[in-house]
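# Chain and residue survey
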Amino acid sequence: MKQPKSFEEAMQRLQELLAVLQDDTTPLAQSVKVYAEAANLISYCKQTLDDAKLRIEEIDAELAQKTGEGV
């Protein structure tokens, strides 16, 4: 699986994979393959969110330092 271009693209792909997994006609082998792809996308999304949270905390700290206030 290629790396998604964005968080939003990864979330869209996860929605598609969820539909495949919820389909009762999906063969087990395909379900396992889809599950593996979904797990990788979930990991990517978690890392992206963690990075965004860290950046927001850095921005808040910089702002607090500049203004002399706690945010």
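Conventions and cut-offs
- Residues numbered from 1 in each chain as written.
- Predicted model: local features only at pLDDT ≥ 70, side-chain atom pairs only at ≥ 80, totals over all residues.
- Heavy atoms only, no water.
- Helix = DSSP H or I, 4+ residues; strand = E, 2+ residues; numbered from the N terminus.
- Rg over C-alpha atoms; globule rule 2.2 N^0.38 Å.
- Buried < 20%, exposed > 50% of the residue type's maximum accessible area, 1.4 Å probe, protein only.
- Contact = heavy atoms within 4.5 Å.
- Axes fitted to C-alpha atoms, helices over the stretch in contact; angles between N-to-C directions.
- Parallel < 35°, antiparallel > 145°, perpendicular 65-115°, else oblique.
- Left-handed = near helix turned anticlockwise from the far one by under 90°.

### Here we look at the overall build of the protein
Regarding its fold elements, the protein presents two helices and zero strands. Taken against the 2.2 N^0.38 rule, which gives 11 Å for 71 residues, the C-alpha radius of gyration of the protein at 18 Å runs more than 25% over that of a compact globule. Along the longest, intermediate and shortest principal axes, the C-alpha atoms of the protein span 60 × 20 × 15 Å. Out of the 71 residues in the protein, the part that is buried amounts to 18%. By sequence separation, contacts in the protein at least 24 residues apart represent 56% of the contacts at least 6 residues apart.

### Observations concerning the packing of helix H1 (residues 7-22) against helix H2 (residues 28-67)
Here H1 crosses H2 at 155 degrees, and the two axes come no closer than 9 Å. By the criterion of interaxial angle, the relationship of H1 to H2 is roughly antiparallel. As for how H1 packs across H2, the hand of that crossing is left-handed. On the side of H1, the interface is formed by Phe7, Ala10, Met11, Arg13, Leu14, Leu17, Val20 and Leu21, while H2 contributes Gln30, Ser31, Val34, Tyr35, Glu37, Ala38, Leu41, Ile42, Tyr44, Cys45, Thr48 and Leu49.

Read these as geometric descriptors, not functional statements.
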